[in-house]
Amino acid sequence: MTDWLGLPALASAHGGQIDGMIGWVHVFMLILFVGWGGFFAYCLVRFRRSRNPVANYTGVKSHASNYSEIGVVVVEAVLLLAFAIPLWAARVDRMPAASEALVVQVTGEQFAWNVHYAGPDGVFGRTDIKLLDLQSNPLGLDRSDPAAKDDVTTVNQLYLPVNKPIIVRLRSKDVIHSFGVPEFRVKQDAIPGLTIPIWFIPTITTAEMRTRTGNPEFQYEIACAQLCGLGHFRMRGFVTVQSTEEFQKWMEEAVAEQAGAADDPFR
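Predicted, not measured: the structure shown is a model, and the values here were computed from it. (Residues numbered from 1 in each chain as written. Predicted model: local features only at pLDDT ≥ 70, side-chain atom pairs only at ≥ 80, totals over all residues. Heavy atoms only, no water.)

(A) The arrangement of the side chain of Gln242 in detail. Structurally, Gln242 can be placed in strand S10 (residues 236-242). Once residues lying within four places of it in the same chain are set aside, the contact partners of Gln242 are Tyr159, Leu160, Pro161, Val162, Thr205, Phe247 and Trp250. (Helix = DSSP H or I, 4+ residues; strand = E, 2+ residues; numbered from the N terminus. Contact = heavy atoms within 4.5 Å.)

Here it is as structure tokens:
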């Protein structure tokens, strides 16, 4: 219904509600633009100097403009109370339980996205700032912690299963970044010192989206929507949405690979 807006392809369960709200806002703004523009043109003609050579200090006694302004306020209140606030509450107050979702920690830094999975045990391993290494350990993950043995980390690549609630815990190591994936209708600032959760349900795999768009190179892109420094333009990450089976296979392979790397000091 909102194709006329030219928005990116929709690939999340809640995105239709957001698109609907954006559509109604655009319709309302179009009506306002035409209405107030027409009223302005009418005033230019109706009160032109040739027709009113002498100023009339009594003015127009009609209350039509007052009624119009009241109507605008009513429509804005409906958009806010019936659309925006319930939608915001659904994204903030009705977050699914962690046991029912895939929880991923995403940490922004200049200029990359660090992704951290808890692994099969569902428990995130301990991190220590003393272990930070921008090349080999950008999150400072302590592999000696038993909970960290099966943890998986990636850089600029987020793998997700389709049709499952995803909770992303956003963090930042330095400045304010903004995690945005247009197809999921998700955008949230990552603020230093805070862990901010967002959630969504991806509904279309990357492979299926490539078929739908006719673009074999299509990828969901994580764009930093906040100017975060000179390298802001290259702070790009990618999301690969897979079937449940594909994601499980990837997770098992990633756990085995990173466990092997941890056991091999020369790797």
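(B) Focus on the state of the cysteines. In total, this model carries zero disulfides according to the counting rule given. As a non-bridged cysteine, Cys228 has Cys224 as the owner of its nearest cysteine sulfur, 3.8 Å distant. (Disulfide = S-S within 2.5 Å.)

(C) Structural view of the sheet that holds strand S1 (residues 102-109). Overall, mixed pairing links the five strands, which are arranged S3-S2-S1-S5-S8 in an open sheet. Edge positions in the sheet fall to strand S3 (152-155) and strand S8 (196-200), since each has one partner strand and no second. For this sheet the average axis-to-axis angle between neighbouring strands, irrespective of direction, equals 25 degrees. As paired elements, strand S5 (residues 166-172) and S8 share five bridges and run antiparallel to each other. Its bridge partner lying in S8, Ile167 is registered against Trp199. (Pairing = 2+ DSSP bridges. Axes fitted to C-alpha atoms, helices over the stretch in contact; angles between N-to-C directions.)

(D) Expanded view of the packing of helix H1 (residues 15-46) against helix H2 (residues 64-92). Across the interface, H1 lies against H2 with an axial gap of 10 Å and an inter-helix angle of 170 degrees. Comparing their axes, H2 and H1 come out roughly antiparallel. For the pair formed by H1 and H2, the contact residues are Gln17, Ile18, Met21, Trp24, Val25, Phe28, Leu32 and Trp36 on the first element and Ser68, Glu69, Val72, Val75, Glu76, Leu79, Phe83, Ala84 and Leu87 on the second. Class assignment for the residues of the contact of H1 with H2 results in 13 nonpolar, two polar and two charged. (Parallel < 35°, antiparallel > 145°, perpendicular 65-115°, else oblique. Nonpolar A, V, L, I, M, F, W, Y, C, P; charged D, E, K, R; others polar.)

(E) Spotlight on the pairing of strand S9 (residues 220-224). Covered by surrounding structure in S9 are Tyr220, Ile222 and Cys224 only, the residues Glu221 and Ala223 on the alternate face being uncovered. Pairing of strand S6 (residues 177-181) with S9 involves two bridges; the strand directions are antiparallel. Across the sheet, Gly180 pairs through a bridge with Ala223, a residue of S9. (Buried < 20%, exposed > 50% of the residue type's maximum accessible area, 1.4 Å probe, protein only.)

(F) Spotlight on the environment of Phe47. As for its placement among the helices and strands, Phe47 is situated in the loop between H1 and H2. Through-space distance from the C-alpha of Phe47 to that of Leu141 is 72 Å; in sequence the pair is 94 residues apart.

Any functional reading would require information beyond the geometric quantities listed.
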